[in-house]
Amino acid sequence: MDFGLTEDQVLLKDTIRRWLESECPTTRVRAVMESDTGHDPALWSGLGELGVPGLYVPAAHGGSGLELLDVALAAEELGWACTPGPFLACALATTALVASGDRDAEARWLPAIAHGRAVVTFALGEDGDQWDAARVKTRARGGALHGRKTLVPAANVADAILVAAQDDEGPGLWLVERGAPGVEVTPLSGTDMTRRVAAVALEGAPATKIAAGRTATDRARDAGLVLLAADAYGGARRCLDMTVKYALTREQFGQPIGAFQAVKHQLADLAAELDPSLSLWWYAAHAHDRIPERAERHAALAKAHLTDLYDRTTRMTTELHGGIGFTWEYDLHLWFRRAIFDRAFLGTASYHRRRAADLAGW
Amino acid sequence: MNLSYSAEYEQFRAEVRRFLAENWSAADAASAPDADSVAAFTGGVRHDARATAFRQKAIERGYLYRHVPRRYGGGEQPPDPLKATITAEEFRRAKAPYEITGQGPSMLVPTLLEHGTEKQKQFFVRDTLLGTIRWCQGYSEPGAGSDLASLRTRAVLEGDHWVVNGQKIWTSNAQDSQWMFALVRTEPEQPKHDGISYLLIEMNTPGVDIRPLRQMTGDADFNEVFFENTRVPAENLVGKRGQGWIVSRSTLKHERALIGGSHLTRRTFDGVVMVAQALERDGQPAIKDPVVRERLVELEARLLASEYQGYRLLTMSARGEEPGLAGMVMKLYSTSLGYDLAKLAMDVVGDRGMLAPGEASAPAMGLFGTAYMWSLGVLIAGGAANIQRNIIAERGLGLPRDARK
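Just so you know, these numbers come straight off a predicted model, no measurement behind them.

What counts and how
- Residues numbered from 1 in each chain as written.
- Chains lettered and ligands numbered in written order.
- Predicted model: local features only at pLDDT ≥ 70, side-chain atom pairs only at ≥ 80, totals over all residues.
- Helix = DSSP H or I, 4+ residues; strand = E, 2+ residues; numbered from the N terminus.
- Rg over C-alpha atoms; globule rule 2.2 N^0.38 Å.
- Buried ≥ 20, exposed ≤ 12 C-beta atoms within 10 Å, placed from the backbone.
- Contact = placed C-beta atoms within 7 Å.
- Axes fitted to C-alpha atoms, helices over the stretch in contact; angles between N-to-C directions.
- Parallel < 35°, antiparallel > 145°, perpendicular 65-115°, else oblique.
- Left-handed = near helix turned anticlockwise from the far one by under 90°.
- Core = buried A, V, L, I, M, F, W, Y, C linked by C-beta atoms within 7 Å.
- Nonpolar A, V, L, I, M, F, W, Y, C, P; charged D, E, K, R; others polar.
- Expected span 1.5 Å × (residues − 1).
- Arc of directions from axis to C-beta.
- Pairing = 2+ DSSP bridges.
- pLDDT = per-residue confidence, 0-100.

J.: Any details on the overall build of chain A? Residues and values, ideally.
T.: When helices and strands are tallied, chain A shows 11 helices and 10 strands. For 362 residues, the compact-globule formula gives about 21 Å, and the C-alpha radius of gyration of chain A, at 20 Å, lands near that figure. Overall size of chain A, expressed as C-alpha extent along the three principal axes, is 75 × 45 × 40 Å. Among the 362 residues that make up chain A, the fraction classed as buried is 57%. Contacts in chain A between residues far apart in sequence, at least 24 positions, make up 75% of those at least 6 positions apart.

Shown next, in the form of structure tokens:
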């Protein structure tokens with residue numbers, strides 16, 4: 001019985017943290033944010049050298065063959081640093097590819113993802129708040145896809161897109177490559193500028209079916225929910241830490257504002273809500289890896305809880321800063337925006353709470 | 001991360017189960033109150049001869065009071081939080097008497113072990129662990145609540161006795177206790193924290209007057225205790241004169257651990273789900289109401305977080321790591337969750353939530369109303385929520401200390 005991290009996991013977190021502190025300060029985050037693509041290939045290949053995109057990729061395909069918990073620990077650190085780029089997109093695609101069991105697709109794409117040479121993303125969402133594999137309207141007919149996916153992360157720079165669609169047998173997962181005819185990627189302007197999203201129109205786009213049924217799609221979605229929860233935790237911790245530091249240095253009425261009980265109590269409440277929430281997403285990640293009968297529901301619970309908390313934390317920490325927190329120059333809004341992404345992407349907190357209630361059989 | 005127990009621990013679990021099967025029958029279990037019921041929490045644990053004999057046997061086997069040496073009546077085992085957890089789980093499952101809850105075993109005993117004289121340990125610890133001596137806590141006073149160190153109950157040394165005058169308040173279970181551990185002012189000329197001593201007072205001493213204080217639930221579980229020239233043997237002082245504040249710190253630390261537990265919250269949650277499934281609203285079970293469902297899931301996530309945080313704290317403790325912030329937040333976290341849960345229970349019950357306990361037509365015998373009030377009581381007891389926030393902010397986050405006199 002051990003509900004803690006291994007030495008290797010602590011080392012993994014520390015290594016990523018130190019690298020991001022030196023290579024991905026907020027000045028660089030802002031530069032990528034304000035770029036056209038929201039993707040900095042040098043940053044991504046640096047993370048590739050650290051092994052970040054390959055954590056979940058099986059060793060046979062050039063990755064580390066680790067578990068979702070390890071990927072989530074990386075997500076926490078990337079959330080902490082507000083790291084821009086295609087990490088989430090590639091992690092979704094990796095879990096989908098591994099769950100698909102399609103050997104050709106795995107052999108072709110997993111090594112490239114692991115080494116940071118290819119960006120692959122995962123397209124589930126459709127208009128009308130639709131994130132359910134069995135309800136998507138995109139259709140596959142005669143080896144081609146027809147439909148419209150939206151809020152697809154990093155689609156603007158993706159070499160391939162895994163598309164959740166349906167054919168006569170029901171839901172499944174298809175792979176579409178960059179530049180294929182009938183694929184139109186339209187970047188959408190998002191509040192979070194560190195993780196770009198796009199609409200993907202598919203009009204007879206040639207596609208390979210890599211999985212039948214909804215399992216691979218659901219597995220990827222659940223992994224994504226856990227990773228969003230971990231990102232939310234990392235980001236919320238960063239906002240809390242920044243605000244504690246600010247409260248210790250900013251003086252009003254002749255003393256640091258952190259000496260005022262109103263400020264102390266708001267920060268204490270945030271810390272009290274946040275600290276135990278770590279255990280919830282740890283467990284959800286562990287369930288994804290080892291306790292299959294609890295994986296789906298815990299992923300939903302963790303996503304709903306942590307992203308709600310992230311929103312509350314970014315809001316409250318901005319308020320605690322006063323005017324400076326509301327400026328463009330001050331960094332807090334980077335996480336505020338990121339919290340909006342984490343809350344909405346893959347479905348809202350309410351949506352996942354409804355699912356969790358259904359899954360409980362209530 | 002590995003949530004299964006190794007072979008060594010599974011073997012230990014099997015041993016505990018065997019012991020329970022041999023010593024605590026199904027008939028015993030059927031007659032026992034649930035080990036973690038509200039009654040147990042507020043002091044209503046079984047103290048009858050059958051339970052005491054069983055506890056003695058369990059202590060001899062080293063299952064209970066692992067941290068207390070055998071010469072004082074404990075189980076004396078090397079620290080092993082996993083074994084302690086397995087024991088607690090199995091005893092709860094078998095509905096067998098576990099360690100006695102309440103302020104004697106959980107607060108006074110650790111304090112005596114740390115600061116008491118040999119004679120005090122010999123005299124008090126064993127009987128306290130078995131529940132034959134029951135304790136109340138004499139800390140708060142009408143003028144000394146959160147600012148406890150401003151207390152004014154005086155003790156003056158006359159010969160070989162302390163003569164005590166003053167008043168304590170919010171004294172839970174004073175009417176059922178043989179002894180009180182109290183903070184009294186013995187050095188009035190010293191700065192406030194340095195003038196306090198930790199004194200053990202027998203409740204049947206002349207000059208002790210207990211007056212029940214009804215709480216908002218209508219019951220009287222706590223009291224005012226008045227002292228008028230109460231003579232207490234000088235040897236009943238714990239630690240040195242004027243060091244009672246330091247002595248009491250170890251006691252409060254233990255109380256917070258006591259109030260933070262999540263078993264009760266789990267029971268309440270499961271109870272709310274059951275009631276929401278059973279009660280009809282507009283022709284269907286209340287649990288089909290989308291708002292009820294969403295609130296239940298939201299609270300369940302918080303409950304699970306606190307349960308898994310328990311695993312995390314257990315792991316830290318097994319690894320010898322300091323819990324820091326992770327431990328400090330639990331009282332505030334669980335009590336505010338308890339409040340939100342009690343509130344949801346009231347909403348699920350609907351308009352009949354206004355009916356009082358004992359009213360025959362009230363759902364769940366009207367107990368949710370009492371639980372709703374108690375969720376406020378535990379928020380205040382053992383260091384009110386705002387004091388917890390000060391502790392988290394100052395010791396957990398490193399923010400400046402409040403101006404204090």
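J.: Would you mind going over the overall build of chain B in detail, with residue names and values included?
T.: Scanning chain B from terminus to terminus reveals 14 helices and 10 strands. Compactness check: chain B gives a C-alpha radius of gyration of 22 Å against a globular reference of 22 Å for 405 residues, within 12% of the reference. Each of the three principal axes of chain B carries a C-alpha extent, and together these read 75 × 50 × 45 Å.

J.: Requested: an account of unusual backbone geometry, with residues and values cited.
T.: Most peptide bonds adopt trans geometry, and most residues besides glycine take a negative phi value. Residues and elements named next belong to chain B. Positioned with a positive phi, Trp170 is a non-glycine residue whose angle comes to about 60 degrees. Tracing the chain through its elements places Trp170 in strand 3 (residues 161–172). Judged by local crowding, Trp170 falls into the buried class, with 21 C-beta atoms found within 10 Å. We note that Asn229 has phi near 45 degrees; this positive angle belongs to a residue other than glycine.

J.: Give me the lowdown on the packing of helix 9 (residues 292–321) of chain A against helix 10 (residues 332–344) of chain A, citing residues and values where you can.
T.: Two quantities define a packed helix pair, namely the angle between the axes and the distance from one axis to the other. All names here are of chain A. Axis separation between helix 9 and helix 10 bottoms out at 9 Å; the angle between their running directions is 160 degrees. Here helix 9 lies roughly antiparallel to helix 10, going by the angle between them. The element helix 9 and its partner helix 10 pack so that their crossing is left-handed. Residue-level contacts link Thr307, Tyr310, Asp311, Thr314, Thr317, Thr318 and His321 of helix 9 to Leu332, Trp335, Phe336, Ala339, Asp342 and Arg343 of helix 10.

J.: Which residues make up the interface of chain B and chain A, and what values do they have?
T.: Counting residues at the interface gives 41 residues for chain B, matched by 36 residues for chain A. For the side of chain B that touches chain A, the secondary structure elements donating two or more residues are helix 10 (290–319), helix 11 (325–328), helix 12 (330–349) and helix 14 (385–396) of chain B. Counting residues per element, the side of chain B that touches chain A draws most heavily on helix 10 of chain B, which supplies 17 residues.

J.: Can you tell me about the environment of Gly142 of chain A, naming the residues and giving the values?
T.: Considering the arrangement of structural elements, one finds Gly142 of chain A in the loop between strand 2 (139–141) and strand 3 (144–153). With 119 residues separating them in the primary sequence, Gly142 of chain A and Glu23 of chain A have C-alpha atoms 47 Å apart.

J.: Describe in detail the nonpolar core, supporting the description with residues and values.
T.: Grouped together as the largest cluster of nonpolar side chains are 165 residues, with contacts concentrated most on Ala72, Val163, Val226, Ala229 and Trp281 of chain A. Setting aside chain neighbours within four positions, we find Ala72 of chain A in contact with Val226, Leu227, Ala230, Trp281 and Ala285 of chain A. In this structure, Tyr65, Leu108, Ile201 and Leu237 of chain B belong to the second largest nonpolar core, which totals 52 residues.

J.: Explain the packing of helix 9 of chain A against helix 11 (residues 349–359) of chain A to me, and be specific about the residues and the numbers.
T.: Residues and elements named next belong to chain A. Helix 11 packs onto helix 9 with a crossing angle of 150 degrees between their chain directions and a minimal axis gap of 9 Å. Between helix 9 and helix 11, the interaxial angle falls into the category roughly antiparallel. Along this stretch, helix 9 crosses helix 11, giving a crossing that reads as left-handed. Two secondary-structure elements touch here, helix 9 through Glu296, Arg297, Ala300, Leu301, Lys303, Ala304, Thr307 and Asp308 and helix 11 through Ala349, His352, Arg353, Arg355, Ala356 and Leu359. Looking at the contact of helix 9 with helix 11 residue by residue, the class counts come to 6 nonpolar, 2 polar and 6 charged.

J.: Outline the environment of Ala205 of chain A, listing residues and values.
T.: Residues and elements named next belong to chain A. Relative to the helices and strands, Ala205 is located in strand 7 (residues 197–206). Look at Ala205 and you get buried, because 23 C-beta atoms sit within 10 Å. Residues Ala205 and Arg135, 70 residues apart in the sequence, show an inter-C-alpha distance of 20 Å. Contact partners of Ala205, with chain neighbours within four places excluded, come to Ala144, Leu145, Val176, Ala180, Pro181, Gly182 and Val183.

J.: How would you summarise helix 5 (residues 81–93) of chain B if you had to cite specific residues and measurements?
T.: All names here are of chain B. Given a rise of 1.5 Å per residue, 13 residues ought to cover 18 Å, and the 18 Å separating the end C-alpha atoms of helix 5 matches this to within 8%. Every buried residue belonging to helix 5 is among Lys83, Ala84, Ile86, Thr87, Glu90 and Phe91, and all of these are buried. Along the axis of helix 5, the buried positions cluster into a sector of 160 degrees, meaning they face one direction only. Buried residues along helix 5 sit against helix 1 (7–23). Taken from the residues just after helix 5, Lys95 is the one with a positive phi, measuring 55 degrees.

J.: Now, about helix 8 (residues 261–290) of chain A: what can you tell me, with residues and values included?
T.: Taking 1.5 Å as the rise per residue, helix 8 of chain A with 30 residues should run 44 Å; its terminal C-alpha atoms sit 44 Å apart, in good agreement. Of all 30 residues making up helix 8 of chain A, 24 are buried, and the element is well covered by its neighbours.

J.: Could you give me a rundown of the environment of Lys57 of chain B, with the residues and numbers involved?
T.: All names here are of chain B. Mapped onto the elements of the fold, Lys57 is located in helix 4 (residues 49–60). Note on Lys57: 15 C-beta atoms within 10 Å, which makes it partly exposed. In this structure the C-alpha to C-alpha distance between Lys57 and Met373, which are 316 residues apart in sequence, comes to 38 Å.

J.: How would you sum up the pairing of strand 1 (residues 135–138) of chain B? Please name residues and give values.
T.: Residues and elements named next belong to chain B. Of the two faces of strand 1, the one lined by Trp135 and Gln137 and the one lined by Cys136 and Gly138 are each fully buried. As judged from the 4 bridges shared by strand 1 and strand 4 (residues 179–185), these two strands associate in the parallel manner. Counterpart to Cys136 in the pairing with strand 4 is Met180.

J.: How would you summarise the confidence of the model for chain B if you had to cite specific residues and measurements?
T.: All names here are of chain B. With 93% of its residues at a pLDDT of 70 or more, chain B has an overall mean of 89. The low-confidence segment residues 35–44, where pLDDT is below 50, has 21 contacts with residues more than four positions distant or belonging to other chains. Here residues 255–260 scores under 50 on pLDDT; set against residues more than four positions off or in separate chains, the count is 13 contacts. Here the predicted complex carries an ipTM of 0.97, next to a pTM of 0.91.

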